[in-house]
Amino acid sequence: MTSRAAAPAAPTRRHRVREHALDEIRRTARRLLVEEGPGAVTLRAIAREMGMTAPGLYRYYASHHDLIQALAAHLYDELATTLAAARDEHPASEPGPQMRAVCRELRRWALAHPREFGLLFAKPLTDTDTAPGNAAHDPGWRFGGVILELMVRLWQRGGIRPPADLDAAWITQLHEVREHLADEDVPLEVVYVFVACWARLFGAIAVEAFGHLDFALTDPEPLFEHTLQDVLTTLGDPN
């Protein structure tokens, strides 16, 4: 007689009710963020919007820190899923076109969701910290992993030429980044190139998303495309 693996237990009603409440709290927090800004995202405000008492909300999130961490984790997961979908519109054998599509989708998401982008990347609230142990840590690296994995695949094609004069005393800072790469044999000098490209990409998106180019440009897209082309050339895929 062959044995069968036990089917996973169905969620209990209490579990379903709790998950529904957590989802509603996150959706309410996001709406307050979008409509009124990060300062409006408080446990008291969310409880009021949901017709609950503030003490009742503490059954789900013990602190403002926990609430913001949960919201940030949800947004990172959404962003990772969105970028992965853009990546997968191109064959896996073409990391260059995949990278281009992912970067353009990141810009589109940032411009469509400036308040959410700000919560994740402008750090208006210290509770969005993604240090190890916080709920947003792993989702943050899942999001970043979509881009870093493509950078690794571009490096594997042999087109990256890192600077030869990097200071060994500070490049060791990049060990933690390398630990999150699928290929931990990537030289630290190449990881430096990854981080430098990341900074250029996010800088171009952030200054546009936060309105800091309004003084000069009515349409920043050509500047972004020029930056993206430079990044891809640095990563060894100029096409």
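Some thoughts on the environment of A70
Argument step 1. Mapped onto the fold, A70 is located in helix α4 (residues 64-87).
Argument step 2. Non-local contacts of A70, meaning those with residues more than four positions away in its chain, are made with R26 and Y61.

Considering the pattern of salt bridges
Argument step 1. All chains considered together, the criterion is met by 13 salt bridges.
Argument step 2. Put simply, R30 and E116 hold a salt bridge, and the shortest N to O gap is 2.9 Å. Of the two residues, R30 sits in helix α1 (residues 13-36) while E116 sits in helix α6 (residues 114-121), which places them 86 residues apart along the sequence.
Argument step 3. Residue classification places E116 among the buried residues on the basis of a relative accessible area of 4%.

Side note on the nonpolar core
Argument step 1. By size, the foremost hydrophobic cluster in this structure holds 68 residues, and its most contacted members are I46, M99, L106, F194 and L235.
Argument step 2. Among the elements of the structure, α1, α2 (43-50), α4, α5 (95-112), α6, α7 (137-156), α10 (188-209) and α11 (221-234) are those that each provide at least two residues to this core.
Argument step 3. Among the elements that line this core, the one with the most residues is α10, at 12 residues.
Argument step 4. Once you skip the residues sitting within four places of it in the chain, L235 turns out to touch M99, M151, L154, I160, V193, F194 and C197.

Let's talk about the packing of α5 against α7
Argument step 1. Between α5 and α7, the least distance of the axes is 9 Å, while the angle of their chain directions is 155°. Considering the angle they form, α5 stands roughly antiparallel to α7. The chirality of how α5 crosses α7 is left-handed. Within the contact between the two elements, α5 uses P95, G96, Q98, M99, V102 and L106 and α7 uses F143, V146, I147, L150, M151, R153 and L154.

Some words on the side chain of T82
Argument step 1. Following the sequence through the fold, T82 ends up in helix α4.
Argument step 2. Within the structure, the side chain of T82 is placed 2.8 Å from the backbone oxygen of E78, a separation counted as a polar contact.
Argument step 3. Sequence-distant contacts of T82, defined by excluding residues within four places in its chain, comprise E105, R108 and W109.

What about the environment of V34?
Argument step 1. Positionally, V34 belongs in helix α1.
Argument step 2. When the C-alpha positions of V34 and H113 are compared, they lie 8.0 Å apart, and in sequence the two are 79 residues distant.
Argument step 3. Every residue in contact with V34, bar those within four places of it in the chain, is listed here: R115 and E116.

Some details on α11
Argument step 1. For α11, spanning 14 residues, the distance from its first C-alpha to its last is 20 Å, which sits close to the expected 20 Å at 1.5 Å a residue.
Argument step 2. Taken as a whole, α11 has its buried residues at F224, T227, L228, V231 and L232. Buried residues along α11 cover an arc of 135° about the axis, so they all sit on one side.
Argument step 3. Next to the buried residues of α11 lie α5 and α10.
Argument step 4. At the C-terminal side of α11, G236 shows a positive phi close to 90°.

A look at the confidence of the model for the protein chain
Argument step 1. Across the protein chain, the average pLDDT comes to 89, with 91% of residues at 70 or higher.
Argument step 2. Across the protein chain, α5 holds the top mean pLDDT of 97, while helix α8 (residues 168-171) sits lowest at 82.

Some points on the packing of α5 against α10
Argument step 1. At a closest axis distance of 9 Å, the pairing of α5 and α10 adopts a crossing angle of 25°. If you check the angle between α5 and α10, you find them roughly parallel. Where α5 crosses over α10, the handedness of that crossing is right-handed. Contacts from C103, L106, R107, A110 and L111 of α5 reach α10 at L201, F202, I205, E208 and A209.
Argument step 2. The residue inventory of the contact of α5 with α10, partitioned by class, reads eight nonpolar, no polar and two charged.

Scoring rules and cut-offs
- Residues numbered from 1 in each chain as written.
- Predicted model: local features only at pLDDT ≥ 70, side-chain atom pairs only at ≥ 80, totals over all residues.
- Heavy atoms only, no water.
- Helix = DSSP H or I, 4+ residues; strand = E, 2+ residues; numbered from the N terminus.
- Contact = heavy atoms within 4.5 Å.
- Salt bridge = Lys/Arg side-chain N within 4 Å of Asp/Glu carboxyl O.
- Buried < 20%, exposed > 50% of the residue type's maximum accessible area, 1.4 Å probe, protein only.
- Core = buried A, V, L, I, M, F, W, Y, C linked by side-chain atoms within 4.5 Å.
- Axes fitted to C-alpha atoms, helices over the stretch in contact; angles between N-to-C directions.
- Parallel < 35°, antiparallel > 145°, perpendicular 65-115°, else oblique.
- Left-handed = near helix turned anticlockwise from the far one by under 90°.
- Polar contact = N/O pair within 3.5 Å; in protein donor to acceptor, adjacent residues only side chain to side chain.
- Expected span 1.5 Å × (residues − 1).
- Arc of directions from axis to C-beta.
- pLDDT = per-residue confidence, 0-100.
- Nonpolar A, V, L, I, M, F, W, Y, C, P; charged D, E, K, R; others polar.

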